[in-house]
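This is what each chain is made of:
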Amino acid sequence: MERKIKIKVDGLCKFFGGEKQKIRKLLLENKTKSEILSKTGCNVGVANASFEVYEGEIFVVMGLSGSGKSTLLRCLNRLITPTFGSIFLDDYDLTKADKQKLREIRREEVAMVFQHFGLLPHRDVISNIAFGLEIANVPLEEREAKAEEILKTVGLHGYGRQMCKELSGGMQQRVGLGRALAMGTDILLMDEAFSALDPLIRNNMQDELLDMQEKLNKTIVFITHDLDEALKLGDRIAIMKDAKIVQIGTPEEILSDPANSYVRDFVEQVDSAKIITVSKVMRKNPDRILNPKDGPKVAIRLMRKHSLSWLPVTSRNGHFEGMVSLHDAISADKKGLSSLQDFVNKSAPTVNSETYIHELIPLYINENMPISVVDEEGKFLGIVPMAMAISIVMGEEYVRHNENLVPKQELEAK
């Protein structure tokens, strides 16, 4: 099913300074931000940004300070007016909007959550959350009822009459998020929304945002300078450097295929085991699968041929039945057993394809066998060898090979 595009940005530029056409010409000549500043005295905020954000997606824009990420975000609701390019919300080009249309869009379609909360300290929580509705002339009873409903969503039920200045930083950020949610817009713009919080509260807020997204399915553009936050929250990530987007991809694509040395340096210290799912590393070996009709001799021959200690067993329709070890197959052969059913390990652990690599380690410790990957119906998809998972957990360098990720050292040895 084709996903609906909620935001489409095409050739977006923002220049601060007067020589717009000259700057544009220099960009076409691939001049850098610093070179343009030197030649014109003007600053490039965003340079030729083009991307799409799908409905219901968390699209993260990340980069270091000065990379242009916050400028880009503010262009998306015209808090900053772009110099060139177009921004489509659904089918409407925001760059064509007059002041009245912009007010309507900010009330009805796009809400924003700021880094430093932007709350009204002399008001209580309820009236802060309902502030946007008040500006929109929603009657008092209706807007306070809506605010009470939002309090539950952001985990502040019972705090409605507290003054915002009496709340912790994490609670104040919940109020800011609640104020945006109260407007009922489909799009949320979040500018470094959690960066002012301490690490523990920040992590909790990230979890709560993901839980909220499961229920509300908003289209979210989230700005951050923290790669771990980007990888945790983002369905896709755009990485910016010197006003340009240098790569867009899923967390796994960013980690496994960095576009250049800048991105590679960025992701170098990331714990890949907490980001990469087994779908990227599992091995599909249809010629190395047993079925219930096979006996121990077939199992021994196949495992010795491929230097394996374990093999999965599947039914004729591909349903996972369990695992057989070389040790058990040899023992069964000595006893004169003729069917795998007599010695297959039917309690062998399984995971789905979206399980993260780091989640496999306890299974290996307890079971000491390859972990099988199955779909929702229990059909066998592949296995993840212990050495593969451990190499990623230990930070071993890995590369893409035949659409899977494999340890680089292993590939070079072949």
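Structural notes, computed from the coordinates. Just so you know, these numbers come straight off a predicted model, no measurement behind them. (Residues numbered from 1 in each chain as written. Predicted model: local features only at pLDDT ≥ 70, side-chain atom pairs only at ≥ 80, totals over all residues. Heavy atoms only, no water.)

### Structural notes on the overall build of the protein
Stated precisely, the cut-off is as follows: Only DSSP runs of H or I reaching four residues or more are called helices, and only runs of E reaching two or more are called strands; each is numbered from the N terminus. We call a residue buried when its accessible area falls under 20% of the maximum for its residue type, exposed when it is over 50%, and partly exposed in between, using a 1.4 Å probe and counting protein chains only. Note on contacts: a residue pair qualifies if any of its non-hydrogen atoms lie within 4.5 Å across the two residues. In this description, accessible areas are obtained by the Shrake-Rupley approach with a 1.4 Å probe, and a residue is regarded as covered only by the protein chains that are shown. Positive: Lys, Arg. Negative: Asp, Glu. His and the chain ends are not part of the count. Taken as the charge location is NZ of Lys, CZ of Arg, CG of Asp or CD of Glu.
Scanning the protein for helices and strands turns up 17 helices and 17 strands. Expressed as lengths along the three principal axes of its C-alpha atoms, the size of the protein is roughly 85 × 55 × 40 Å. Sorting the 414 residues of the protein into buried and exposed places 48% on the buried side. A separation of at least 24 residues holds for 63% of the contacts in the protein among residues at least 6 apart in sequence. For the protein, the computed accessible surface area is about 20,700 Å², with 48% contributed by carbon and sulfur atoms. Distance between charge centres in the protein, computed from 55 positive and 59 negative side chains, equals 4 Å.

### A short note on helix H7 (residues 140-153)
Which entries qualify depends on this criterion: Here, expected helix span is obtained from the residue count minus one, scaled by 1.5 Å. This arc describes the spread of directions from the helix axis toward the C-beta atoms.
For H7, built from 14 residues, the straight-helix expectation of 20 Å at 1.5 Å per residue is met to within 8% by its first-to-last C-alpha distance of 20 Å. Buried residues of H7: Arg143, Ala147, Ile150 and Leu151, and no others. Down the axis of H7, the smallest arc covering the buried residues is 110°, so these residues share one side. Opposite the buried face of H7, at more than 90 degrees from it, the exposed residues are Glu141, Glu142 and Lys152. Those residues of H7 that are buried lie in contact with helix H5 (125-129), helix H6 (131-135) and helix H8 (169-182).

### Let's talk about the packing of helix H13 (residues 296-305) against helix H14 (residues 326-334)
How we decide: Where helices are involved, their axes are fitted lines through C-alpha atoms of the stretch in contact, as for all axes, and angles between N-to-C directions lie from 0 to 180°. When the near helix sits turned anticlockwise from the far one by under a right angle, the crossing is termed left-handed; a clockwise turn instead gives a right-handed crossing.
In contact at an axis separation of 8 Å, H13 and H14 are set at 145° when each is read in the N-to-C sense. When the axes of H13 and H14 are compared, the crossing they make is left-handed. Contacts between H13 and H14 involve Pro296, Lys297, Ala299, Ile300, Met303 and Arg304 from the former and Leu326, Ala329, Ile330, Ala332 and Asp333 from the latter.

### Some words on the sheet that holds strand S5 (residues 92-93)
Rules: The pairing criterion for strands is at least two bridges between them, as found by DSSP.
If you walk across this open sheet you meet the 4 strands as S2-S1-S4-S5, and the pairing is antiparallel. Each of the sheet's edge strands pairs with one partner strand only, and the pair in question is strand S2 (43-54) and S5. As paired elements, strand S1 (residues 5-16) and S2 share 8 bridges and run antiparallel to each other. Looking at S2, one finds that isoleucine 7 is bridged to valine 53. Where helix H1 (residues 20-28) meets the sheet, it contacts S1, S2 and strand S4 (84-89), and its direction lies at approximately 110° from that of S1.

### Notes on the environment of valine 53
On the secondary structure map, valine 53 appears in strand S2. In this structure the C-alpha to C-alpha distance between valine 53 and leucine 167, which are 114 residues apart in sequence, comes to 34 Å. Beyond its immediate sequence surroundings of up to four residues, valine 53 is in contact with Lys4, Ile5, Lys6, Ile7, Phe59, Thr219, Val221 and Arg236.

### As for the pattern of salt bridges
In plain terms, the rule: Here, a salt bridge means any side-chain nitrogen of Lys or Arg that lies within 4 Å of a carboxyl oxygen of Asp or Glu.
In total, this model carries 17 salt bridges according to the counting rule given. Of the charged contacts in the structure, one is a salt bridge between aspartate 242 and lysine 241, with a shortest N-O distance of 3.1 Å. Its relative accessible area of 40% is what places aspartate 242 among the partly exposed residues. Classification of lysine 241 by relative accessible area gives partly exposed; the value is 33%. One network of salt bridges, with partners in common, ties together Lys4, Lys6, Asp90 and Asp186.

### Details of the nonpolar core
Defined as follows: Residues belong to one nonpolar core when they are buried, are Ala, Val, Leu, Ile, Met, Phe, Trp, Tyr or Cys, and are joined through side-chain atoms within 4.5 Å.
If you look at the biggest cluster of nonpolar residues, it comprises 48 residues, and the most contacted ones within it are Met190 and Phe222. Looking at which element gives the most residues to this core, the answer is H8, with 6 residues. Not counting chain neighbours up to four residues away, the residues in contact with methionine 190 comprise Leu73, Val113, Leu177, Leu209, Ile220, Val221, Phe222 and Ile223.

### Focus on the packing of aromatic side chains
Here is the rule: Ring pairs are drawn from Phe, Tyr and Trp, using the six-membered ring of Trp, whenever the two centres fall within 6.5 Å, and their geometry is named by plane angle: stacked under 30 degrees, edge-to-face over 60, tilted for the rest. Put simply, a charge is over a ring when the Lys NZ or the Arg CZ is close to the ring centre, within 6 Å, and near the line of the ring normal, within 35 degrees.
This structure, assessed with the given rule, holds 4 aromatic pairs. Both rings, one in phenylalanine 320 and one in phenylalanine 380, keep their centres 6.1 Å apart while their planes meet at 20°; by these two values the pair is stacked. Of the two residues, phenylalanine 320 sits in strand S12 (residues 320-325) while phenylalanine 380 sits in strand S15 (residues 380-384), which places them 60 residues apart along the sequence. Residue class for phenylalanine 380 comes out buried when judged on its relative accessible area of 15%. Across the ring face of tyrosine 92, the terminal group of lysine 101 is positioned such that the distance to the ring centre comes to 4.9 Å.

### Some remarks on the packing of H7 against H8
Applied cut-off: Throughout this description, any angle smaller than 35 degrees is read as roughly parallel, any larger than 145 degrees as roughly antiparallel, any in the 65 to 115 degree range as roughly perpendicular, and the remainder as oblique. In this classification, the charged set is Asp, Glu, Lys and Arg, the nonpolar set is Ala, Val, Leu, Ile, Met, Phe, Trp, Tyr, Cys and Pro, and all remaining amino acids, among them Gly, are polar.
Orientation of H7 relative to H8, taken along the N-to-C sense of each, is 130°, at an axis distance of 9 Å. Relative to H8, H7 is oriented oblique. Like other packed secondary-structure pairs, H7 and H8 cross with a definite hand, here right-handed. In this structure, H7 uses Lys146, Ile150 and Thr153 to contact H8, whose residues at the interface are Gly178, Leu181 and Ala182. In the contact of H7 with H8, the residues fall into 3 nonpolar, 2 polar and 1 charged.

### Focus on the sheet that holds strand S13 (residues 350-351)
Read across the sheet, 3 strands follow the order S13-S14-S15 without closing on themselves; strand pairing throughout is mixed. Of all the strands in the sheet, just S13 and S15 have a single pairing partner and so form its edges. Strand direction decides the pairing type here: S13 and strand S14 (residues 371-374), joined by 2 bridges, are parallel. From the neighbouring strand, threonine 350 faces S14, where its bridge partner is serine 372.

### Focus on the environment of lysine 146
You can see lysine 146 is positioned in helix H7. We classify lysine 146 as partly exposed; its relative accessible area is 29%. When the C-alpha atoms of lysine 146 and leucine 133 are compared, they prove to be 9.1 Å apart, with 13 residues separating the residues in sequence. Not counting chain neighbours up to four residues away, the residues in contact with lysine 146 comprise Leu133 and Ala182.

In short, shape yes, function no, at least from these values alone.
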